[in-house]
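An overview of the molecular structure
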Amino acid sequence: MDEETRMVKLVSKEGDKHELPISIAKMSKLVAITVEEDEDDDDADVREIPLPNVRNEVLVKVIDFCKHHQEEPMTAITTPLKSSKIESLVQPWYAEFCNVDKTLLFELVTAANFMDIKPLLDLTCLAVAVLIKGKSAQELRAIFNIANELTPEEDAVVKAS
């Protein structure tokens with residue numbers, strides 16, 4: 001069987017299973033390595049790959065990204081960034097893909113890193129960079145849910161320097 005017809009099931013943290021061609025799933029180096037290790041087993045069963053760190057909602061988005069990326073590869077993100085608008089840095093579909101709440105965006109970054117999908121990691125990190133560009137320390141603490149552990153006096157000293 002070739003990679004276009006061979007299938008794999010990705011299993012989310014909640015146990016939801018998503019069957020897709022190995023050719024698409026192998027965008028993830030984690031999946032590619034797992035599939036290569038199993039190529040000695042020449043059985044016809046569809047391989048299940050558990051992804052215990054990836055919620056189902058996030059996995060659905062990851063799979064959408066991988067499918068679309070095969071049809072329309074994302075243009076390379078050049079640095080330094082020439083704009084602070086994601087729409088002018090990547091194709092429209094990819095810009096819209098990142099138009100999610102920040103919690104989901106951060107989970108996509110984590111999933112892309114865990115599954116080792118470089119184009120998705122690049123895109124989601126770009127979206128985070130655009131999100132935080134030009135923000136104050138207080139705004140960044142709110143975005144990343146970081147407590148301000150400085151006393152008001154220490155904060156004043158930091159701002160003065």
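A brief look at the structure comes next.

About the criteria used
Residues numbered from 1 in each chain as written. Predicted model: local features only at pLDDT ≥ 70, side-chain atom pairs only at ≥ 80, totals over all residues. Heavy atoms only, no water. Pairing = 2+ DSSP bridges. Helix = DSSP H or I, 4+ residues; strand = E, 2+ residues; numbered from the N terminus. Axes fitted to C-alpha atoms, helices over the stretch in contact; angles between N-to-C directions. Contact = heavy atoms within 4.5 Å.

Here the focus is the pairing of strand E2 (residues 17-21). As defined by bridge partners, strand E1 (residues 7-11) adjoins E2 across five bridges and the pair is classed as antiparallel. Among the inter-strand pairings, Met 7 is bridged to a residue of E2, identified as Pro 21. Between E1 and E2, which pair antiparallel in sequence order, lie five residues; one of them, Gly 15, sits at a positive phi of approximately 100°.

Another point: the sheet that holds E2. Spatial strand order, E2-E1-E3: three strands in an open sheet with mixed pairing. The open sheet has two edge strands with one neighbour each: E2 and strand E3 (47-50). Between one strand axis and the next, the sheet turns through 30° on average, direction left out of account. Where E1 meets E3, four bridges bridge the pair, whose relative direction is parallel. When the sheet's bridge partners are listed, Lys 9 is paired in E3 with Glu 48. The strands that helix H3 (residues 56-71) touches are E1 and E2; relative to E2, the one it contacts most, it runs at about 10°.

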